[in-house]
Amino acid sequence: MKSEYKVFEEKMRKSINSVSADFAAVRAGRANAAVLDRIMVDYYGTPTPIHQIASIGSPDPRTLTIQPWDASAVKLICKAIQESDLGINPQNDGKVIRLAFPQLTEERRKELVKQIAKYAEGGKVAVRNIRRDAVESFKAQKKNGEITEDDMKIAEKDIQKMTDDMCKEIDELLAKKEQELLAV
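Throughout what follows, the structure given in this document is the object of discussion. Worth saying up front: this structure is predicted, and the values here are computed from it rather than measured.

## Let's talk about the overall build of the protein
Here comes step 1: In terms of regular secondary structure, the protein is built from four helices and six strands.
Here comes step 2: Compactness check: the protein gives a C-alpha radius of gyration of 22 Å against a globular reference of 16 Å for 184 residues, more than 25% above the reference.
Here comes step 3: Projected onto its principal axes, the C-alpha coordinates of the protein cover approximately 70 × 40 × 20 Å.
Here comes step 4: Within the protein, the proportion of its 184 residues that are buried is 38%.
Here comes step 5: Look at the contacts in the protein between residues 6 or more apart in sequence, and 64% of them connect residues 24 or more apart.
Here comes step 6: Carbon and sulfur atoms make up 50% of the accessible area of the protein, which amounts to about 10900 Å² in all.
Here comes step 7: Once the 31 positive and 30 negative side-chain charges of the protein are each reduced to a mean point, those two points are 3 Å apart.

Here it is as structure tokens:
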């Protein structure tokens, strides 16, 4: 049964990693290249992440620079950034694209906190769904006579503890990100 726990734990871990990636994509008032991870550029007819066609730098805490390896990609990258939900207008000089991150307003910070809370809740729901699937799997094994009633109770208890631990980890990530957003 321990090997089956690993499968469910791995799935839960992937949910946490997904929440963590969602948090990284939320800009906290300072330049972070992770905000560009979800933006795809239509490069020669193929959706391509920006970091695969350009180098990304941060010359100061409020600016990101994007320098495409192919000069023809500058306009494509600018267009992709403008069409994204990033809310920043790219400035380009023909070779380098600059993204200036403005200071966040209090209202915008509160919106971002609500947004990350939704991400965290989505992650918890995913973890609880995995728990439900695990419990159903153990119930099916009991029904088929593969495990005993006692084994099933132990498995349910262990899976519940794993679920609680994963939800607690998501809460900790949320608290850390909230603190980062609300820091002035």
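## Considerations on the packing of helix α3 (residues 106–143) against helix α4 (residues 149–182)
Here comes step 1: α4 packs onto α3 with a crossing angle of 170 degrees between their chain directions and a minimal axis gap of 10 Å. As far as their axial angle goes, α4 and α3 are roughly antiparallel.
Here comes step 2: Looking at side-chain class alone, the contact of α3 with α4 contains 18 nonpolar, three polar and eleven charged residues.

## So, the environment of Ile39
Here comes step 1: With respect to the helices and strands, the residue Ile39 is situated in the loop between α1 (2–24) and β1 (40–43).
Here comes step 2: On the basis of relative accessible area, Ile39 is assigned to the buried category, the value being 7%.
Here comes step 3: Along the sequence, Ile39 and Asp85 sit 46 residues apart, while their C-alpha atoms lie 9.1 Å from each other.
Here comes step 4: Once you skip the residues sitting within four places of it in the chain, Ile39 turns out to touch Thr48, Pro49, Ile50, Ala80, Ile81, Ser84 and Leu86.

## What about the packing of aromatic side chains?
Remark: the centre distance and the inter-plane angle together describe each pair of aromatic rings, the angle taken between the planes.
Here comes step 1: For the structure on display, the rule yields three aromatic pairs.
Here comes step 2: Note on Tyr43 and Tyr44: the rings are 4.7 Å apart at their centroids and 65 degrees apart in plane angle, and the pair reads as edge-to-face.
Here comes step 3: Each member of the aromatic cluster is reached from another via a ring pair, and the members are Tyr5, Phe8 and Phe138.

## Things to note about the pattern of salt bridges
Here comes step 1: Applying the stated criterion to the full structure yields eleven salt bridges.
Here comes step 2: Linking Arg13 and Glu169 is a salt bridge whose minimum nitrogen-to-oxygen distance equals 2.7 Å. Here Arg13, found in helix α1, pairs with Glu169, found in helix α4; they are 156 residues apart in sequence, far enough to count as distant.
Here comes step 3: Owing to a relative accessible area of 26%, Glu169 belongs among the partly exposed residues under this scheme.
Here comes step 4: Between Glu136 and Arg132 there is a salt bridge; the shortest N-O distance is 3.9 Å. With Glu136 and Arg132 both in helix α3 and four residues apart, this pair spans about one turn of that helix.
Here comes step 5: A relative accessible area of 42% places Arg132 in the partly exposed class.
Here comes step 6: Among the ionic contacts, a cluster of salt bridges with common partners joins Arg132, Asp133 and Glu136.

Here is what the cut-offs are and how they apply
- Residues numbered from 1 in each chain as written.
- Predicted model: local features only at pLDDT ≥ 70, side-chain atom pairs only at ≥ 80, totals over all residues.
- Heavy atoms only, no water.
- Helix = DSSP H or I, 4+ residues; strand = E, 2+ residues; numbered from the N terminus.
- Rg over C-alpha atoms; globule rule 2.2 N^0.38 Å.
- Buried < 20%, exposed > 50% of the residue type's maximum accessible area, 1.4 Å probe, protein only.
- Contact = heavy atoms within 4.5 Å.
- Areas by Shrake-Rupley, 256 points an atom, 1.4 Å probe, with all protein chains shown as cover.
- Lys, Arg positive; Asp, Glu negative; His and termini not counted.
- Charge placed at Lys NZ, Arg CZ, Asp CG, Glu CD.
- Axes fitted to C-alpha atoms, helices over the stretch in contact; angles between N-to-C directions.
- Parallel < 35°, antiparallel > 145°, perpendicular 65-115°, else oblique.
- Nonpolar A, V, L, I, M, F, W, Y, C, P; charged D, E, K, R; others polar.
- Phe/Tyr/Trp six-rings, centres within 6.5 Å; stacked < 30°, edge-to-face > 60°.
- Salt bridge = Lys/Arg side-chain N within 4 Å of Asp/Glu carboxyl O.

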